[in-house]
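Each chain is listed here by its residues.
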Amino acid sequence: MSLQPNRLTSVGKKSVMYFFLVIFAFIFSFPFYYMFVLATVPGTKIFSYPPHLFFKDSLWTNVKALLDDIPFFVNFFNSAAIATISTVAVIFFCTMGGFALSKYDFKGKKAIFIFILSTMAIPPFLNIVPFFKMMVAFHWYGTWLPLIVPGMANAFGIFMMAQFTKDSIPAALLDAARIDGLTEFQILMKVAFPLSRAGIGVLGIITFINSWNNFLGALIMLPNTDKTTLPVALSKLFMQMDGDRGGLMAGTVLAVLPLMVVFIIFNKQIISGLTAGSVKG
Amino acid sequence: MLNRSQKWAPYLFLSPFFILFLVFGVFPIGYSITISLFKWTVSGPQEFRGIGNYVKLLTTDPFFVGSLWTTFLLLIFGSLLQHFFAIPLAILLNNKSLKGGDSFRLLYFLPYITSSVVIALIFSQMFDHNYGWLNYIIENVFGGEKVKWLQDPRAIRSSIAIMVNWRFIGWNTIIYMAGLQSIDQSLYEAAEIDGASGLRKHLHITVPLLLPIIFFAVSLSIIGGMQLFEEPFVLMRGYEQMGGPNNAGLTSAYYLLATGFSFNRFGKASAIAWILFVIILGMTWINKMVTDKLQK
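What you see is a predicted model; the values in this text were computed from it and never measured.

Here is what the cut-offs are and how they apply
Residues numbered from 1 in each chain as written. Chains lettered and ligands numbered in written order. Predicted model: local features only at pLDDT ≥ 70, side-chain atom pairs only at ≥ 80, totals over all residues. Heavy atoms only, no water. Helix = DSSP H or I, 4+ residues; strand = E, 2+ residues; numbered from the N terminus. Rg over C-alpha atoms; globule rule 2.2 N^0.38 Å. Buried < 20%, exposed > 50% of the residue type's maximum accessible area, 1.4 Å probe, protein only. Contact = heavy atoms within 4.5 Å. Areas by Shrake-Rupley, 256 points an atom, 1.4 Å probe, with all protein chains shown as cover. Lys, Arg positive; Asp, Glu negative; His and termini not counted. Charge placed at Lys NZ, Arg CZ, Asp CG, Glu CD. Buried area = accessible area lost by both parts, 1.4 Å probe. Salt bridge = Lys/Arg side-chain N within 4 Å of Asp/Glu carboxyl O. Nonpolar A, V, L, I, M, F, W, Y, C, P; charged D, E, K, R; others polar. Phe/Tyr/Trp six-rings, centres within 6.5 Å; stacked < 30°, edge-to-face > 60°. Polar contact = N/O pair within 3.5 Å; in protein donor to acceptor, adjacent residues only side chain to side chain. Domains from an automatic or database assignment. pLDDT = per-residue confidence, 0-100. Core = buried A, V, L, I, M, F, W, Y, C linked by side-chain atoms within 4.5 Å. Axes fitted to C-alpha atoms, helices over the stretch in contact; angles between N-to-C directions. Parallel < 35°, antiparallel > 145°, perpendicular 65-115°, else oblique. Expected span 1.5 Å × (residues − 1). Bend = angle between axes of the 7 residues up to and from the residue. Pairing = 2+ DSSP bridges.

Participant: Give a detailed account of the overall build of chain A, specifying residues and quantitative values.
Facilitator: Within chain A one finds 13 helices and zero strands. Along its sequence from the N terminus, chain A presents helices and strands in the succession α-α-α-α-α-α-α-α-α-α-α-α-α. Relative to the 2.2 N^0.38 estimate, which gives 19 Å for 281 residues, the radius of gyration of chain A is 24 Å and therefore markedly larger than a compact globule would have. Each of the three principal axes of chain A carries a C-alpha extent, and together these read 80 × 75 × 35 Å. For chain A, buried positions account for 50% of its 281 residues.

Below is the structure:
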């Protein structure tokens, strides 16, 4: 069988397509690979020519150096605890709000919908100075509360859960629950939450990632290295010294790895959850 | 028929949002206008200045106008340029005959979920003048001159722009892919019968139909780009460095944070926030006008 001309061009087109996709895949993944490599290179040899390309055997030395540089376990615990509490709170309040928007008819529903949507366009920097002063006045400065409370019932989460609950909870089931004598709050707890598990999982992961990566909030509210989160502690370590890069690189790996694993496992759900609101809106 | 509790439940369920928005949204926005009209330091308001803070920032302040210029440059070459990569990548990834699309998507999206601090730390190694990968490739593959990525004022902005592109191209690609999935495939088939080439097909069908998504994604880029802070702040090592040599990496948001939280000039910092907000509104409006015009 001879190759037809249009078959040939389609093979050529395909090669070009894969060529570009692979180049970009390399650009996006190489820095991560390099980060893992540097975490295994002895601290004094991180700056070398040519730059390192292969793994060495000093990972453990670098981790120990990191533990001397910053109170790593405290920082890690703070990041994990703040992210966990935020996630639980966001799941509760946003599922509740989303459920209200998708499964109830009430006066002003459309106006409320548009209002919540438009608050997403307010840039966070606009509030930052008065927010700081408020936190000082509340005696919340230096605590975890400013990083948890303001975002508990956020617009993004409410919309995402409105999308999810719309399809996953049949109206007939809600009516049946009412006939059985359940109060609206009991319906929320016993019907809405169990039936929204898939959406709750996605919202939970997205919230955890955002909270774990939150730099600005922790920088302003928890400036003290002994009490702050991992990203802020690492940034301070980077800014104050030019010596021990080994510990720093081990720290970046430990800061990224938990999220990376979660993302690789759940990437499809996370990506569709993040884009759901954007495209339908 | 609705019973009473059924009538009140949705308001109750949505009330946490409104309470939090009132306390942490409405109140501070109003308060920040007030603060911006005063000379206001750690000890509180010192004197009423009216629009004095605004006038000073736009006329005699040694850093602010420069920081706006830096922000605009980074907005164009960091936040907006990436759409020219993201749209073609989304079209390629949307191709049905593509194998391994999920893996590409995963790799492209990984930078978006990574902490900006970690990204800045990795890139500070990649950008190193003597020992970084970028200069190694420039010298040995392309035979060019080494660039002082983190010292030369002009190169500093390129470094930050490269980081911003690297971090957000994948995010925009995913948004455009979701948009592409809603385009009716029969339009392409009709164009193929008319003999349209691949590129023309995309210029005449894909891009016009994507316009609402482009508007949305560009709006997000404008809001994010005008507030660009974390990448330059960490890469240029914090408040004291004020954006590095010649303040080349000092974006307006970076300057806002330094003014407020390093120099404790709260009035001035609030005025910067409001100027940025007005610029964001203006640019979003221009974006809307351009989109509307193109849609006709």
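Participant: Which residues make up the overall build of chain B, and what are the values?
Facilitator: Secondary structure assignment for chain B yields 14 helices and two strands. Referenced to the eigenvectors of the C-alpha coordinate spread, the extents of chain B come out at roughly 75 × 75 × 35 Å. By residue count, 53% of the 296 residues in chain B fall in the buried class. Within chain B, residue pairs in contact and separated by at least 24 positions form 65% of the contacts whose partners lie at least 6 positions apart. Summed over its atoms, the accessible surface of chain B is roughly 13,600 Å², and 66% of this surface lies on carbon and sulfur atoms. Side chains of chain B carry 21 positive and 15 negative charges; the gap between the two charge centres is 8 Å.

Participant: Tell me about the interface of chain B and chain A, and name the residues and values.
Facilitator: Contacts between chain B and chain A engage 95 residues on the former and 97 residues on the latter. Note on chain B versus chain A: buried area summed over both sides is about 8,600 Å², and carbon and sulfur give 79% of it. Connecting chain B to chain A are one salt bridge. If one sorts the elements of the side of chain B that touches chain A by residue count, helix 1 (residues 4-36) of chain B sits on top with 22 residues. For the side of chain B that touches chain A, the residue count by class is 67 nonpolar, 21 polar and seven charged.

Participant: Tell me about the pattern of salt bridges, residues and numbers included.
Facilitator: The final tally for this structure, using the stated rule, is seven salt bridges over all chains. Asp105(A) is paired through a salt bridge with Lys109(A); the nearest N and O atoms lie 3.9 Å apart. Judged by relative accessible area, Asp105(A) falls into the exposed class, the value being 66%. Under the relative-accessibility criterion, Lys109(A) is labelled partly exposed at 22%. When the shortest N-O distance is used, the salt bridge between Arg167(B) and Glu231(B) registers 2.8 Å. One end of the pair, Arg167(B), is in helix 8 (residues 153-180); the other, Glu231(B), is in helix 11 (residues 230-235), and 64 residues separate them in sequence. Bridged by salt links that share partners, the residues Asp175(A), Arg178(A) and Glu184(A) form one connected network.

Participant: Outline the packing of aromatic side chains, supporting the account with residue identities and numerical values.
Facilitator: The description of an aromatic ring pair rests on the distance of the ring centres and on the angle between the ring planes. In total, this model carries 59 aromatic pairs over all chains according to the counting rule given. Measuring from ring centre to ring centre gives 5.9 Å for Phe92(A) and Phe193(A), while their planes differ by 5°; the resulting arrangement is stacked. A residue pair is termed long-range when its members are at least 10 positions apart, and Phe92(A) in helix 3 (residues 72-103) and Phe193(A) in helix 9 (residues 184-195) qualify at 101 residues. Relative accessible area serves as the criterion here: at 26%, Phe92(A) is assigned to the partly exposed category. Of the residues examined, Phe193(A) reaches a relative accessible area of 13% and is grouped as buried. Here Tyr112(B) and Trp171(B) contribute two aromatic rings whose centre-to-centre distance is 4.6 Å and whose plane-to-plane angle is 10°, an arrangement assigned as stacked.

Participant: I'd like a description of the side chain of His52(A), backed by residues and values.
Facilitator: Looking at the secondary structure, you find His52(A) in the loop between helix 1 (5-38) and helix 2 (59-69). Assessed through its relative accessible area of 10%, His52(A) is described here as buried. Separated by 2.6 Å, the side chain of His52(A) and the backbone oxygen of Lys45(A) make a polar contact. In this structure, His52(A) is in contact with Tyr34(A), Val37(A), Leu38(A), Val41(A), Lys45(A), Ile46(A) and Trp133(B), ignoring residues within four places of it in sequence.

Participant: Please provide a residue-by-residue account of the domain arrangement of chain A, values included.
Facilitator: Per the domain assignment, the segments making up chain A are domain 1 (5-59) and domain 2 (70-240). The distance between the C-alpha centroids of domain 1 of chain A and domain 2 of chain A comes to 36 Å.

Participant: Give a description of the side chain of Glu230(B) that names residues and reports values.
Facilitator: Among the secondary structure elements, Glu230(B) is positioned in helix 11. Although Glu230(B) lies buried, it forms no salt bridge, and the closest oppositely charged side chain, Arg167(B), sits 4.6 Å away as judged by the N-O distance.

Participant: Could you give me a rundown of the confidence of the model for chain A, with the residues and numbers involved?
Facilitator: Looking at chain A, pLDDT values average 90 and 94% of them are 70 or higher. The low-confidence segment residues 1-5 of chain A, where pLDDT is below 50, has two contacts with residues more than four positions distant or belonging to other chains.

Participant: Any chance you could break down the nonpolar core for me, citing the residues and the numbers?
Facilitator: Membership of the largest hydrophobic core comes to 184 residues, with the highest contact counts inside it found for Phe99(A), Leu234(A), Tyr108(B), Tyr176(B), Phe229(B), Leu256(B) and Leu257(B). Top element by residues in this core is helix 8 of chain B. It accounts for 13 residues. Discounting chain neighbours no more than four positions away, the residues touching Leu256(B) are Phe125(A), Ile128(A), Ala269(B), Ile272(B), Ala273(B) and Leu276(B).

Participant: I'd like a rundown of the packing of helix 5 (residues 128-137) of chain A against helix 14 (residues 266-295) of chain B, residues and numbers included.
Facilitator: At their nearest, the axes of helix 5 of chain A and helix 14 of chain B sit 8 Å apart, and the two run at 135° to each other. The orientation of helix 5 of chain A relative to helix 14 of chain B falls into the category oblique. Where helix 5 of chain A approaches helix 14 of chain B, its residues Val129(A), Pro130(A), Phe132(A) and Lys133(A) are matched on the opposing element by Phe266(B), Ala269(B) and Ser270(B). In terms of residue class, the contact of helix 5 of chain A with helix 14 of chain B is built from five nonpolar, one polar and one charged.

Participant: Give a detailed account of helix 8 of chain B, specifying residues and quantitative values.
Facilitator: Helix length check: helix 8 of chain B (28 residues) gives 39 Å between terminal C-alpha atoms against 40 Å at 1.5 Å per residue, within 8%. At Phe168(B), helix 8 of chain B shows its largest kink, close to 40°.

Participant: Break down the pairing of strand 2 (residues 44-48) of chain B for me, with residues and values.
Facilitator: Residues and elements named next belong to chain B. Looking at chain direction, strand 1 (residues 38-41) and strand 2 are connected through four bridges and run antiparallel. Across the sheet, the residue bridging to Lys 39 is Glu 47, located in strand 2. Counted along the chain from strand 1 to the antiparallel partner strand 2, the turn is two residues long.

Participant: Provide a residue-level description of unusual backbone geometry, including the pertinent values.
Facilitator: In this structure, the amide linkage connecting Tyr49(A) to the following residue, Pro50(A), adopts the cis form with an omega of -5°. Relative to the helices and strands, Pro50(A) is located in the loop between helix 1 and helix 2. If you check the backbone angles, Met242(B) has positive phi at about 50° while not being a glycine. Within the secondary structure layout, Met242(B) lies in the loop between helix 12 (238-241) and helix 13 (252-261). Although it is not a glycine, Asn247(B) sits at a positive phi angle of roughly 55°. Mapped onto the fold, Asn247(B) is located in the loop between helix 12 and helix 13. Residue class for Asn247(B) comes out partly exposed when judged on its relative accessible area of 25%.

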